[in-house]
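# Report on the structure
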Amino acid sequence: MIIRPKVRGFVCVTAHPTGCAANVQEQIDYVKNQSPVENGPKNVLIVGASTGYGLASRIAAAFGCGANTLGIYFERPSERGRTATPGWYNSVALEKAAKADGLYASSINGDAFSNEIKEQSIERIKLDMGKIDLVIYSLASPRRTDPKTGETYRSALKPIGAAYSNKYLDTDKRSIQEATVDAATDEDIQNTVKVMGGDDWELWIQALKDADLLSEGFKTVAYDYIGPKVTWPIYKDGTIGQAKVDLRRAKAAINESVSELGGEAHVSVNKAVVTQASSAIPGVNLYITILFKIMKELGGHEGCIEQIQRLFSDRLYNQGGNVPLDELGLIRMDDWEMEDKIQDAVTKVWPLVSTENLEELTDFEGYQTDFLRLFGFGIKGVDYDAEVEPEVDFD
Ligand code: NAD
């Protein structure tokens, strides 16, 4: 079939297998062109490995460090003439490329929050990999079923304390709109912490520890975001911000529980990039379009793969064993995004942006290009008029 993008708000309901494979290959090529990471990890588990920051982490580990990788994700294969989700196509392409390079790469598709997927992962690691020296935790999910109680929680992206009005970008209509988001209830806050907080990260590390599958001196990293003041009411000071506070709590708890192994848990605050998760956060897409224009002009613009390669090469490894941290103990990969010259420029542009000057004041085109690329569209060298088989499977 011929596959075209079908965009519905902040999702695209189709994905292109050849385009997704080309997108993965571009990221692999990027990593292979960087200096190899010295003393990098050799056995890596990535939870949330199929798209965005998790996929980039898997690529940096495998192709930058020569690591064996096990990737956990929740994706849908192609069925009844529908295309698969992009993360499915990405993972097929990644495994193929890893195997071609003689690297072990295996995947488990299912609910990472469940006991069953944790047990399956542990069996796979025991059988094929041995002890793990890096666990990347990169889940972004709207819901979670607690394995202990069976109760399902839904996260909410809401401000805390009072309703919040601000402008946002309607990508379908190419227009700037004003929206009000109601204040979160206490239940919204608790539910968002349940889904996007650190509870499940702790359960993964505990399960690996109990199975004696963590190596001496292993590292684990979860991803965080802080961002600029214009997004604080909805992000840092909102429900999702509370979940990130909980992630930092979990970091401290994990550090305590793995101290006898000399293990280290870290939270890395990453840059705002276009992913399926970030495009769903109200107002954040407008900030991203402004940020990208400024960072492309002033320097320092990065996507997922550039961020994660720098995380591996300049923070986690190559530093004589010391991971550089800020005064709160966080890894700051958003250092370039948060530079004063960048944020001052964002603050100046934000109030001026309107539907009429969107193209002039923001990188709307760049945002749209990155968004479509997530689904395998608009990638150089891919013939989108050619017939393509949507059913693509693992060897
Ligand atoms: P993403 O949507 O691209 O990826 C989410 C991953 O989670 C996918 O691999 C998906 O399959 C997996 N997943 C979701 N639910 C699952 C489940 N129940 N079981 C197994 N796998 C599941 O998201 P992303 O933007 O890369 O976000 C990853 C992390 O990075 C999040 O913690 C996010 O807050 C953080 N972060 C993102 C940004 C950004 O701008 N996108 C910036 C800083 C930090």
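This text goes with the structure placed above it.
Okay, so let's go over this structure. Note that this is a predicted model, so its numbers are computed, not measured.

### Quick word on the pairing of strand E6 (residues 132–137)
Looking down a regular strand, the side chains alternate between one sheet face and the other. In terms of burial, E6 is largely enclosed, as five of its six residues are buried. In terms of strand pairing, strand E3 (residues 43–47) meets E6 through four bridges, oriented parallel. Within E6, the position partnered with Ile 46 by the bridge is Ile 136.

### Notes on the site of the ligand
Contacts to the ligand come from 30 residues, most closely from Ser 50, Tyr 53, Ala 112, Lys 244 and Thr 275. Phe 74 places a polar main-chain atom, nitrogen or oxygen, 3.2 Å from an oxygen atom of the ligand. Taking Ala 277, its main chain carries an N or O atom lying 3.4 Å from an oxygen atom of the ligand. Here the ligand loses 92% of its free accessible area of 840 Å² to cover by the protein chains. Broken down by secondary-structure element, the contributors of at least two residues to the shell around the ligand are helix H2 (52–65) and strand E11 (214–224). Of the residues assigned to the shell around the ligand, the class counts are 14 nonpolar, 11 polar and five charged.

### A word on helix H12 (residues 364–374)
Three or more residues of H12 are buried, namely Phe 364, Gly 366, Tyr 367, Phe 371, Arg 373 and Leu 374. Immediately beyond the C-terminal end of H12, within one or two residues, lies Gly 376, with a positive phi of roughly 85°.

### Topic: the packing of aromatic side chains
A ring pair, where both rings are aromatic, is described by two values, the distance of the centres and the angle of the planes. Summed over the entire model, instances satisfying the criterion amount to seven aromatic pairs. Here the aromatic rings of Tyr 137 and Trp 201 are separated by 6.4 Å at their centres, their planes lie at 25°, and the arrangement is stacked. Of this pair, Tyr 137 sits in strand E6 while Trp 201 is found in helix H6 (residues 199–210), placing the two residues 64 residues apart along the sequence. Classification of Trp 201 by relative accessible area gives buried; the value is 0%. Between the aromatic rings of Phe 377 and Tyr 384, the centroid separation amounts to 6.0 Å while the plane-to-plane angle is 40°, which identifies the pairing as tilted. Assigned by exposure class, Phe 377 and Tyr 384 land together as buried. One Lys or Arg, Arg 310, reaches over the ring of Trp 336 and ends 3.5 Å from the middle of that ring.

### Points about a nonpolar patch on the surface
A cluster of nonpolar side chains, Phe 10, Val 11 and Val 13, forms an exposed patch at the surface whose accessible area comes to about 240 Å². Within the element layout of this structure, Phe 10 appears in the loop between strand E1 (7–8) and strand E2 (11–12). The partly exposed category is assigned to Phe 10, whose relative accessible area is 45%.

### Topic: the pattern of salt bridges
Under the definition given, this model contains 27 salt bridges. Among the salt bridges present, the one from Arg 310 reaches Glu 302, with a minimum N-O distance of 2.8 Å. Just as Arg 310 is buried, Glu 302 falls in that class too. Note that Arg 310 and Asp 335 form a salt bridge whose closest N and O atoms lie 3.1 Å from each other. Of the two residues, Arg 310 is situated in helix H9 (residues 304–316) and Asp 335 in the loop between strand E13 (331–332) and helix H10 (340–349); the sequence distance between them amounts to 25 residues. Taking relative accessible area as the criterion, Asp 335 reaches 27% and is therefore assigned partly exposed. One connected set of salt bridges, linked through shared partners, spans Arg 144, Asp 146, Lys 194 and Asp 199.

### Here's the deal with the environment of Gln 242
Tracing the backbone shows Gln 242 in helix H7 (residues 239–257). Accessibility expressed as a relative area gives 32% for Gln 242, which makes it partly exposed. Once the C-alpha coordinates of Gln 242 and Ala 97 are considered, the two residues, 145 residues apart in sequence, prove to be 38 Å apart. In this structure Gln 242 touches Ile 160, Ile 189, Val 193 and Lys 236, once residues within four positions along its chain are discounted.

So, how was this worked out
Residues numbered from 1 in each chain as written. Predicted model: local features only at pLDDT ≥ 70, side-chain atom pairs only at ≥ 80, totals over all residues. Heavy atoms only, no water. Buried < 20%, exposed > 50% of the residue type's maximum accessible area, 1.4 Å probe, protein only. Helix = DSSP H or I, 4+ residues; strand = E, 2+ residues; numbered from the N terminus. Pairing = 2+ DSSP bridges. Near = heavy atom within 4 Å. Polar contact = N/O pair within 3.5 Å; in protein donor to acceptor, adjacent residues only side chain to side chain. Areas by Shrake-Rupley, 256 points an atom, 1.4 Å probe, with all protein chains shown as cover. Nonpolar A, V, L, I, M, F, W, Y, C, P; charged D, E, K, R; others polar. Phe/Tyr/Trp six-rings, centres within 6.5 Å; stacked < 30°, edge-to-face > 60°. Lys NZ or Arg CZ within 6 Å of the ring centre and 35° of its normal. Patch = residues over 30% accessible without salt bridge, like charges linked within 9 Å, V, L, I, M, F, W, Y side chains within 5 Å. Salt bridge = Lys/Arg side-chain N within 4 Å of Asp/Glu carboxyl O. Contact = heavy atoms within 4.5 Å.

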